Amino acid sequence: MGYVAAIALLPAIAFAILVPMSNRVRNKAVPVSVAAVVISLALSLLAFAQVWPGGHGGEAVYHASVTFATLGSVDLGVGVLLDPISAVMLVVVTLVGTAVQVYSLGYMHRDARIGWYYAVLSLFTAAMLMLVLSDNFLQLYMAWEVMGLCSYLLIGFWHEQVAPRKASLKAFLTTRVGDVGFALGLAVMYKTAGSFDFQVVLHDFAWAPAAATTVSLLLLFGAMGKSAQVPLHVWLPDAMAGPTPASALIHAATMVAAGVFLVARALPIFEVSGVALTVTMIVGVTTALVGGLLAAVQHDIKKVLAYSTISQLGYMFVALGAGGLVAGMYHLVTHAFFKSLLFLGAGVIIHAAHTQDMREMGGLAKKMPVTTVTFTIGSLALAGVFPFSGFWSKDEILTILWHEGHYVVFALALAAAFVTAVYVARLWFRVFTGPTQSAELKEAHVEMLIPMGVLAAISAFIGFGSPYFAQFLGHEGEWPAAAIALTSMSVAGIGLALGWWVYGRRTKVINTRPFKQRAGFVYDALTLKLYFDLTYDYFIVRGYGRLAEMLSGFDRVVVDGIVNGAGAVWRSGTEVGSLIDTYVIDGAVNGTASLIKAAGAKVRRIETGHIQAYQGLMVAALVLLMLWFVVKGA
Amino acid sequence: MLLSAIVLLPLAGAVVSALVPKDRGDIARWIAAVVTAVDLALVVFVALRFDVGAGMQFVENVAWVPQFGISYHLGVDGISITMLALSALLSLVAVVASWNMKTKPAAYFAMLLLLEVGMNGVFLALDFVLFYVFWELVLVPMYFLIGTWGGPRKEYASIKFFLYTLFGSVFMLIGIIALYLQTGTFDMTAMVGAGLSESFQWWVFAAFFLGFAVKVPIFPLHTWLPDAHVEAPTAASVLLAGILLKMGTYGFIRIALPILPHAANQWAPFITALAAISIVYGAALAFAQTDLKKLVAYSSVSHMGFVMLGIASGTVEGLNGAIAVMFSHGVVTGLLFLIVGMVYERTHTRMIQDVSGLSNQVPVAGGLLAFASFASLGLPGLSGFVGEFLTLLGAWKSDVPAVWVVIAAIGVLLAAAYTLSMVQRVILGTPSPIVSKITDLTVREVSLLVPLVVLTLVVGLYWNSLLRFTDPAVARIVELLAGA
């Protein structure tokens, strides 16, 4: 089964082929990248099929590793671990990756740097697959960072404009705040358990609760950065400055879910801690609510989807915090498909409407049938409507919360589901119904529509696999309980209805601010993103800038001042010495002013003159010393 | 004889270059190129024949002044071979980078070769007198390189560099003499495990600390570095950052730790604190700079802080990591200075606000500068990450206060901040008026950078390419520290 490694290596090879090319050649070599990801998809399906029957009780089917570093008695390796979780992730990543790459052939075909775009997509795919296949936390971390680079490059893809440039920097730095925690978590893990290997850290080593809590919380902090959890969520909405298909792949389906994947992998440590699980749940439910509320006031269609992603990732953290590995992973999978679908649909809409502002859209349903149908499926899945996939995974999360007795979190999660339904309706009715505002709306190219169709089909039907997914991961699988299913359906239904009531009934006049009129203060707070960005910008970003300036002044005036002061004291010392020499000693003999003048000139030459003297003296002293030793020795 | 050849060949080259007529700079540069290339080949030969399991190898030990225990003693172990390789490689790079030197070329290339003598010698010497001679020898050519071929404030910068580091080495000399008086020998290897008393160790360590700390440089003894870097010609900057700074940390690893292990343990918390401060202080100052060279110079203070962090940890991970940072910083900072120099030759400015949009105007230069930047900020898969991560790992594993390790880890974030804000302003965006007139790198320039790029990738992807040399040597030092 050595081919499993090839799944990750093929896109890496594609990257290595594309990078050294000149821009013009690279633009023509795009098929290299597409071919790599398609083959990876085929191999991933093969790997999945080999794990599929029963999932082998959650155990690894294939494992191989090579050492890349040796430290004393510790070997650090890079490995390939095929177990049910990684098998599922392989398929998700390569499937969405293929969809996005095919879609981009249409979406990006006029871009002057399309080759570079595909090169970075390839590197990203390789890193994500490497992360998924990791058999240890260090490898996971390294792949994680490389994904961060790709995210940075794609967000800033149109770097000639200011906004993408700023957004890419913000994304890299914000996620790196989390990465500091991740790195320290690795250090604690290494000191405590003496290894990064899953086998040792997750199975063999007996964790003490205190150490487990420290490691879990640090890893969680890393995951919060990557998965845009409050309060480290601020980078993701800005990241929408990148090309939309890249957002679909990286900032919706895969990379942002890596934090969830990390917590899922490390869940045995979290469970020893207990505290860490609670924290994970609180972070998750807060994010689910905050993300949902912020999504409800955005006018930019991509930003609605971005905040929606934040909110749904929060849902996954809630599930993991409740100990629900299956529910969390399942929501990751369904979300990956329906959210990438929504992003690809948004890309078509933006191309057609020539705007990202939903207030300038409307009536798309009449002109763009395929986009409308697929986008609707994605919307219903996101809102959690039966039988679309989001319903099933959300239901599993609610079920586990109820069963574990987390009633408050259950209620809050329901509230988040309600908000979700509202903003989904708000988006859908604004974009697809009402009067058409643009004359030249037309459906997208077929290479863009086919990937959307595939993702829509998956989003529509994958839900029925729900119990089998649990069995695949080695857990008991059940069909949803009627009571919870009905509750969540009702909540979603009411939310959608409310959304229609407020935003869907328009005929001519577009009322953009029904919410604003009724709850001004709340609305203002939400449009200002709950002050997160402002606070960070004022206190952290500008604060650091000011601090750096201050330290720079301190360095120049104080630290270097002391050095120069010492130099000056030394120089005036020699000056005095020199004056005494000439004035007192020579002066006593000659008593002429001309000598003083000469001395002054000599002093002025100190800067350049004395250095050679010191040097000469030093070398001479050394040579004499040597000679003396040699003579004495002879 | 091989090691002697590695040290003395550049000396012969320097003498011959110096004798070349003043108007025949082309002869001098060819001499320098051939000599440094042959020297590098000899080093590679040594590395290929090197037995990673054994200790000191290729040893040459001849009694020189037996009455005073002075010997001509050279040798390489896994630590010195990595530094020697770096020194030989960067010397060749420095020569090729200076190919178009017009001002007094004969003297210039002689100085570069003389510098290599000192650098190679420092990493090979196992006798204190010899070590001191090489150590001081390095100052002379570097002083002239900055003072003669430097920028507008070259006098100030070169004198500051010279006096500051001379000030440090006086303390080192005191330490050496004290050790001699106590042990009756100048042989470094003989002093290891000499049973020096604890208080004696403490005082001698203090002397060595001052000597080495200036060279590294550790906060607050770093202010000579930005001035020297800004004024130095490109090749001198490469060697200054790439090799000269490492002499200080090499001194800690080769001398202070094995000979004074008890004191090293006692000093570890203090050094850790200064290392952590150097990391964040250097990073914050780099963030505030408007001159590209100064930015790189302050980033060196930050990176060398990681080296000290690893050294102070006294662990296998930390010391391996320290050497990995030393190696990587040499290669990556070399890349950064070379590319900044190449851009400067075209734009005649190093001011960040004057340079923007490199990636659109000159994609090769912009791309390579971006590559070096990501290597510098510690992206996994490139060499910078290896040491940064291992030093943090080692520091956390050791008994030093955890708060300093956390501060050091924040340095990783700050590194991304100053590096990427530079990338954002200089590489990205639309070309500035000055940049829109320049042409991309020539084949010679690219071929100069490619070996460094390849090394960055090889070390970053396969850590054992470096660790296989250092790990066994480090293990011996860790054993000494643990036994003290």
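In this text the structure is predicted, and so the values were computed from the model without any measurement.

Some remarks on the overall build of chain A
What chain A contains, in helices and strands, is 28 helices and two strands. Across the 634 residues that make up chain A, the buried fraction comes to 53%. Residue pairs in contact within chain A that sit at least 24 positions apart in sequence constitute 80% of those at least 6 positions apart.

Let's talk about the overall build of chain B
Per the secondary structure count, chain B includes 19 helices and two strands. In terms of overall size, chain B behaves like a compact globule, its C-alpha atoms giving a radius of gyration of 21 Å where 484 residues would be expected to give roughly 23 Å. Considering only C-alpha atoms, chain B reaches an extent of 65 × 55 × 40 Å along its principal axes. The burial tally for chain B puts 66% of its 484 residues in the buried class.

A look at the packing of helix α5 (residues 128–149) of chain B against helix α10 (residues 234–259) of chain B
Residues and elements named next belong to chain B. Contact geometry of α5 with α10 gives a least axis separation of 12 Å together with a crossing angle of 160°. One way to sum up the angle between α5 and α10 is to call them roughly antiparallel. Where α5 crosses over α10, the two elements pack in a sense that is left-handed. Where α5 abuts α10, its residues Trp135, Val138, Met142, Leu145 and Ile146 lie against Ala236, Leu240, Leu244 and Met247. Its residues placed into classes, the contact of α5 with α10 shows nine nonpolar, no polar and no charged.

As for the interface of chain B and chain A
Between chain B and chain A, the residue contacts involve 51 residues of the former and 46 residues of the latter. Put simply, the parts of the chain that give the side of chain B that touches chain A at least two residues each are α5, α6 (154–183), α11 (261–288), α13 (316–347), α15 (363–376), α16 (383–397), α17 (402–427) and α19 (464–483) of chain B. Broken down by element, the side of chain B that touches chain A gets its largest block of residues, 10 residues, from α17(B). Its residues assigned to classes, the side of chain B that touches chain A comprises 37 nonpolar, nine polar and five charged.

Considering unusual backbone geometry
Residue A:Pro387 is bonded to the preceding A:Phe386 through a cis peptide linkage, with omega at 0°. A cis amide bond, omega 0°, links B:Phe219 with the succeeding residue B:Pro220. Position of B:Pro220 among the secondary structure elements: in the loop between α8 (198–215) and α9 (224–231). The backbone of A:Ala228 sits at a positive phi, close to 50°, despite the residue not being glycine. Tracing the backbone shows A:Ala228 in the loop between α9 (209–226) and α10 (235–238).

Section: α11(B)
One full turn of an α-helix is made of 3.6 residues, so residues set three or four places apart face in the same direction. Between the first and last C-alpha of α11(B) there are 38 Å, a value that for 28 residues agrees with the 40 Å anticipated at 1.5 Å per step. Burial analysis of α11(B) places 21 of its 28 residues in the buried class, which makes it a mostly covered element.

Observations concerning the pairing of strand β2 (residues 74–82) of chain A
All names here are of chain A. Summarising the sheet, strand β1 (residues 62–71) and β2 pair through nine bridges and their orientation is antiparallel. Following the sheet pairing, Leu71 is matched in β2 by Val74. Where β1 hands over to β2, the hairpin turn is made up of two residues, of which Gly72 adopts a positive phi near 55°.

Focus on the environment of B:Gly305
Residues and elements named next belong to chain B. Residue position: Gly305 is located in helix α12 (residues 292–313). Between the C-alpha atom of Gly305 and that of Ala273, which follows or precedes it by 32 residues, the distance is 9.7 Å. Leaving out residues up to four positions away in the same chain, Gly305 has contacts with Ala275, Ala276, Ser278, Ile279 and Gly282.

Let's talk about the environment of A:Ala223
Residue and element names in this part refer to chain A. By the secondary structure assignment, Ala223 is in helix α9. Residue Ala223 is classed as buried on the basis of its 29 C-beta neighbours within 10 Å. A C-alpha to C-alpha distance of 36 Å links Ala223 and Arg110, two positions 113 residues apart in sequence. With residues up to four places along the chain from it excluded, the contact list for Ala223 reads Gly259, Leu262 and Val263.

As for the packing of helix α3 (residues 78–97) of chain B against α19(B)
All names here are of chain B. Packing of α3 against α19 leaves a shortest axis separation of 7 Å and a crossing angle of 140°. In terms of axis orientation, α3 runs oblique to α19. Residue-level contacts link Gly78, Ile79, Ile81 and Thr82 of α3 to Leu466, Phe469, Thr470, Pro472 and Ala473 of α19. For the contact of α3 with α19, the per-class residue count stands at six nonpolar, three polar and no charged.

A word on the confidence of the model for chain B
Summarising the model, chain B shows a mean pLDDT of 92, and 100% of its residues fall at 70 or more. Interface predicted TM-score (ipTM) for the complex: 0.94; the corresponding pTM is 0.92.

Some words on the environment of B:Val340
Residue and element names in this part refer to chain B. With respect to the helices and strands, the residue Val340 is situated in helix α13. In sequence terms Val340 and Val296 are 44 residues apart; their C-alpha atoms lie 9.5 Å from each other. For Val340, the contacting residues outside a window of four places in its chain are Leu292, Lys293, Val296 and Arg350.

Quick notes on the rules
- Residues numbered from 1 in each chain as written.
- Chains lettered and ligands numbered in written order.
- Predicted model: local features only at pLDDT ≥ 70, side-chain atom pairs only at ≥ 80, totals over all residues.
- Helix = DSSP H or I, 4+ residues; strand = E, 2+ residues; numbered from the N terminus.
- Buried ≥ 20, exposed ≤ 12 C-beta atoms within 10 Å, placed from the backbone.
- Contact = placed C-beta atoms within 7 Å.
- Rg over C-alpha atoms; globule rule 2.2 N^0.38 Å.
- Axes fitted to C-alpha atoms, helices over the stretch in contact; angles between N-to-C directions.
- Parallel < 35°, antiparallel > 145°, perpendicular 65-115°, else oblique.
- Left-handed = near helix turned anticlockwise from the far one by under 90°.
- Nonpolar A, V, L, I, M, F, W, Y, C, P; charged D, E, K, R; others polar.
- Expected span 1.5 Å × (residues − 1).
- Pairing = 2+ DSSP bridges.
- pLDDT = per-residue confidence, 0-100.

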